[in-house]
Structures are given as structure tokens and as C-alpha cells.
Amino acid sequence: MTRKKLFLGLALILRAGIVVWGFNLARHSIKLYKTRQEIKSMLSGGLDIISPSYGYNLIKEVDRDLEVIDRSLAWSYPILNLTGKMTSQVQPVVKYLKSITSYALIFEDKVSPLLDDQINDSFQMLEIVNDFLNDPTLMEQAQFYSQEIERNHAKIDISSLPERFQDDFQMIEPFVPVIVSSGKILPLLPDLVGMQNPAHYLLLALNHDELRAGGGFITAMGTVSLNSLVDIDLDM
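Summarised in this report is the structure supplied together with it. (Residues numbered from 1 in each chain as written. Predicted model: local features only at pLDDT ≥ 70, side-chain atom pairs only at ≥ 80, totals over all residues. Heavy atoms only, no water.)

**Comments concerning the pattern of salt bridges**
Considering all chains together, one arrives at 7 salt bridges under this definition. The residue lysine 98 makes a salt bridge to aspartate 63 at a minimum N-O spacing of 3.1 Å. Of this pair, lysine 98 sits in helix 4 (residues 90-105) while aspartate 63 sits in helix 2 (residues 52-73); the two residues are 35 residues apart in sequence, bridging distant segments of the chain. An identical accessibility class is assigned to lysine 98 and aspartate 63; each is buried. Here arginine 151 ties to glutamate 148 by a salt bridge, and the two come within 2.4 Å at their closest N and O atoms. Here arginine 151 and its partner glutamate 148 are both found in helix 7 (residues 136-154), 3 residues apart, which amounts to about one turn of the helix. The class for arginine 151 is partly exposed, based on a relative accessible area of 41%. Overall, the relative accessible area of 23% leaves glutamate 148 in the partly exposed class. (Salt bridge = Lys/Arg side-chain N within 4 Å of Asp/Glu carboxyl O. Helix = DSSP H or I, 4+ residues; strand = E, 2+ residues; numbered from the N terminus. Buried < 20%, exposed > 50% of the residue type's maximum accessible area, 1.4 Å probe, protein only.)

This is the structure in C-alpha cells:
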């Protein structure tokens, strides 16, 4: 009798755990689905009517929902990956969207003042740009998440997704090359704009009506030196 009660108790605990797990997963999945239209509005050009703070709060909510969904489904990914073309897309899609929200959130502190029109003059703008370029942690995170996005994006087959979601992912597609490129360019920007040491560039004006191996006949030349974007010396 004792064993039977023990077994029954364990069965009830297991059932309760499954119910809680299912409820939590469903709650965050439904919430994410409802947020989908607002995200689509932002991506389709509605950014001018959405405040930056609201936009970032929206991204944070999506990030939290994706975190819960990813954690809840972690044990089932090996099974889903073997049960069909559509179900095998669940893991890469969740990881892909999570890497995009993580990438967006690392810029919140730097970008929000720009988007909120809190910049009163060019000196404030310069301070923000310098602060941005002098943040090695931010540069490393941008590089890391851009690489994550590129890897996860390569695993997604949009045509295998349900039709109602295919347009959503197609809307994101134009942003992917920009994000991937930013991860490669941002770490180089401090050196390119002379944050540590002055950067020197040769400027050439080419006349394409007189073609040469380099592109055109050189009609003028000059140099420009950049020093932390503060001291810009142009000599033509």
C-alpha cells in the first residue's frame, strides 16, 4: 500500500510538473505571437510612430519570451530535429530570433539618446560616438552576436516554416547582411577613425572619362588625418 501511494504521489507530481511546463510554454508562446504584429509594424516602417523606449521594451519582452521557450524546449530539440522538416526548424528559429534580440539590446544604452532626440549639439553627438567606439566590451558583443546570427541564419529554411510565418522572416532578411557586416566592421572602427593613434588617408579624385588601371585619370589628390574624430586635418 505504501509503495502504491508513493507511486501515485510521484505520478501526481509528474503530472503537475507537465501541466505547469505546458502552461508556462503556452503562455509565453501566445504572448510572443501577439507581439508579432507590433514587431512587423516596426520592421515595415512604423519606427517613426514608435518611441525608442517602447521599441526596446518590446524587444526585451520578446527576448524574455524566447528565453523561456528555448529553455522549455531544450530537452525536446533532439526529438523535434528528427520528426519532420517543419519541426526541425523550431530550434534554429528560436536560436536565430534570440540572437537578433540579444544583438539589438546590447546597443540600447548607446542608441537610445540618439533616437530620443536628447542630443543638443554636435559636441554631445561626438561624446556619444567616442563613448561608443571606446567600449571594447560592446565591440566584442557586437562581433559575437553578429556571428551567432550568421550561423543560426544559415540553418533556417524559410520555405519549411508555416506559410503565415514565412513573410515575417522574409522581412528580417534585408537586415541580416547589415548586422553580419557590422560585426566585422565595428571592431575596426576605433583604428579607422584614429581613436588610439591618428589615422591617415590618401584621397584621389579620378576622372572616369579617361580610364586607367586604377579606375580613371587622377585629377587631384589630398590627405586627411583623423584623430579621435575631434581633430580632422584635410589637405587638398
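**Overview of helix 4**
Here helix 4 is 16 residues long and its end C-alpha atoms lie 23 Å apart, about the 22 Å a rise of 1.5 Å per residue gives. For helix 4, the tally of buried residues reaches 12 of 16 residues, placing the bulk of the element in the interior. What helix 4 keeps buried is the set Pro92, Val93, Val94, Tyr96, Lys98, Ser99, Ile100, Thr101, Ser102, Tyr103, Ala104 and Leu105. (Expected span 1.5 Å × (residues − 1).)

**Description of the pairing of strand 2 (residues 217-227)**
The sheet contact formed by strand 1 (residues 199-207) and strand 2 spans 9 bridges and is antiparallel. Looking at the pairing, alanine 205 lines up with alanine 220 of strand 2. Across 5 bridges, the pairing between strand 2 and strand 3 (residues 231-235) is antiparallel. Across the sheet, the residue bridging to leucine 226 is isoleucine 232, located in strand 3. (Pairing = 2+ DSSP bridges.)

**Considerations on the environment of aspartate 233**
Position of aspartate 233 relative to the elements: it lies in strand 3. Judged by its relative accessible area of 46%, aspartate 233 is partly exposed. Spatially, the C-alpha atoms of aspartate 233 and histidine 200 are 9.3 Å apart, while their sequence positions differ by 33 residues. With residues up to four places along the chain from it excluded, the contact list for aspartate 233 reads Thr223, Val224 and Ser225. (Contact = heavy atoms within 4.5 Å.)

**Structural notes on the side chain of lysine 98**
Of the residues examined, lysine 98 reaches a relative accessible area of 16% and is grouped as buried. Ignoring anything within four residues of it in the chain, the contact list for lysine 98 reads Asp63, Leu66 and Glu67.

**Digging into the nonpolar core**
If you look at the biggest cluster of nonpolar residues, it comprises 27 residues, and the most contacted ones within it are Tyr96, Phe107, Phe132 and Phe169. Those elements that provide at least two residues to this core are helix 2, helix 4, helix 6 (122-133), helix 7, helix 8 (163-172) and helix 9 (175-185). In this view, phenylalanine 132 contacts Phe107, Lys110, Leu138, Met139 and Leu186; residues no more than four positions away in its chain are not counted. Residues Leu25, Leu73, Leu80 and Val94 belong to the second largest nonpolar core, which totals 6 residues. (Core = buried A, V, L, I, M, F, W, Y, C linked by side-chain atoms within 4.5 Å.)

**Concerning the side chain of glutamate 108**
Inspection of the secondary structure puts glutamate 108 in helix 5 (residues 108-115). Glutamate 108 sits in the buried class, given a relative accessible area of 18%. A polar side-chain atom of glutamate 108 sits 3.1 Å from a polar atom in the side chain of lysine 60. (Polar contact = N/O pair within 3.5 Å; in protein donor to acceptor, adjacent residues only side chain to side chain.)

**Side note on the packing of aromatic side chains**
Each aromatic ring pair is characterised by the separation of its centres together with the angle its planes make. For the structure on display, the rule yields 4 aromatic pairs. Aromatic pair tyrosine 33 and phenylalanine 165: ring centres 6.1 Å apart, planes at 85°, arrangement edge-to-face. Taken together, the residues span a long stretch of sequence, with tyrosine 33 in helix 1 (residues 2-43) and phenylalanine 165 in helix 8 at a distance of 132 residues. Relative accessible area serves as the criterion here: at 21%, phenylalanine 165 is assigned to the partly exposed category. Considering the side-chain rings of phenylalanine 144 and tyrosine 145, the 5.1 Å spacing of their centres and the 75° angle between planes classify their relative orientation as edge-to-face. (Phe/Tyr/Trp six-rings, centres within 6.5 Å; stacked < 30°, edge-to-face > 60°.)

**Topic: the sheet that holds strand 1**
Hydrogen bonds between backbone atoms are what pair the strands of a sheet, whose relative direction is either parallel or antiparallel. A sheet is described by the order of its strands in space; here 3 strands give the open sequence 1-2-3, paired in antiparallel fashion. Both edges of this open sheet fall to strand 1 and strand 3, since each of them pairs with a single strand only. Going across the sheet, the axis of each strand differs from the next one's by a mean of 20°, ignoring polarity. (Axes fitted to C-alpha atoms, helices over the stretch in contact; angles between N-to-C directions.)

Remember, this is a structural readout, not a statement about activity or role.
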